[in-house]
Amino acid sequence: NAPALGVYKSTNGGASWTLAADLASKTPPNPAPPASGVDWFQGGITKLELDPNNADAVYAAVVGYGLWRSNDAGTTWRQVFQTMNPGDTFGDRVEFSAVDLGTTTRIYLGDSSDDLLVARVWRTDDAASIAGSPTAGYSNAGWTELSSSANGTNGFLAYGYCQNGQCGYDDFVVSPAGQPGVGAGHANELWLGGSMNYDELVAYGGLPPRSNGRAVIRTTNGGALPQDVRW
């Protein structure tokens, strides 16, 4: 008897709430009963953020369905980022952080698949310009990948930032908010976290250690070209 999964809106200070029916119809939950423990929260919302440059625009990360945006205060919705593996058994998860660049909004986004055991990182510097799709299946045009599967590149440090199928429950993507009225603030700073990569520690991987486990990583030049971003 729990409420339906999705985004809810109140216009009377929280006295009553209304489900965003348009989004809910496009991001249905797993048909398995929640009591079974195998539904993995498809259709659930992991994060909501208002666009800092448009009070009527809101973004929602939906388990299994990527990132969605409403430009009319939650009435209608479009998919603006599709997860890498929409059919994931456990429900692909995206996490994101919206950043005020002054005139446009940057979004950092982490996309993960517990079936594929991988996580990737993306960025757009003008979120409002992304057309998106009124249904699932957006091509992800307008996004630039900051991670890379190529060993030895800067992007490889962020590739798989949460490992071993744990992104579904311990993934975060955060860019610190800037000081009010100052504009971009920490726009080039991005923090990623997911899980300890034990295989890269001395106790498990031997010497020399590949890393300190990458449990939490940070870049302070996330606005550079992808090949120049340092983690």
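Just so it is clear, the structure is predicted and the values come from calculations on it, not from any experiment.

A. Quick look at the sheet that holds strand β5 (residues 66–70). Pairing in this open sheet of four strands is antiparallel, and the strands run β3-β4-β5-β6 from one edge to the other. Strands at the two margins of the open sheet, each flanked by one partner only, are β3 (45–51) and β6 (78–81). Across the sheet, the axes of successive neighbouring strands diverge by a mean angle of 30 degrees, strand direction being ignored. Pairing analysis gives six bridges linking β3 to strand β4 (residues 54–62), with the strands arranged antiparallel. Its bridge partner being in β4, Leu50 is matched across the sheet by Val58.

B. Broad picture of the pairing of strand β7 (residues 93–100). Most of β7 sits inside the fold, with seven of its eight residues counted as buried. Sheet topology note: the β7/strand β8 (residues 105–113) ladder contains eight bridges and is antiparallel. Residue pairing across strands places Ser97 opposite Tyr108, the latter belonging to β8. In sequence, β7 turns back onto β8 through a hairpin of four residues, with Gly102 there showing a positive phi of about 105 degrees.

C. Just the state of the cysteines, in detail. Evaluation of the coordinates by the stated rule reveals one disulfide. The residue that forms a disulfide with Cys162 is Cys167, at a sulfur-sulfur distance of 1.4 Å. Across the S-S bond of Cys162 and Cys167 the torsion is about 80 degrees, and the bridge reads as right-handed.

D. Fine view of the side chain of Arg214. Tracing the backbone through its elements, the reader meets Arg214 in the loop between α3 (202–205) and β13 (216–219). Within the structure, the side chain of Arg214 is placed 3.4 Å from the backbone oxygen of Phe156, a separation counted as a polar contact.

Conventions used here
- Residues numbered from 1 in each chain as written.
- Predicted model: local features only at pLDDT ≥ 70, side-chain atom pairs only at ≥ 80, totals over all residues.
- Heavy atoms only, no water.
- Pairing = 2+ DSSP bridges.
- Helix = DSSP H or I, 4+ residues; strand = E, 2+ residues; numbered from the N terminus.
- Axes fitted to C-alpha atoms, helices over the stretch in contact; angles between N-to-C directions.
- Buried < 20%, exposed > 50% of the residue type's maximum accessible area, 1.4 Å probe, protein only.
- Disulfide = S-S within 2.5 Å.
- Polar contact = N/O pair within 3.5 Å; in protein donor to acceptor, adjacent residues only side chain to side chain.

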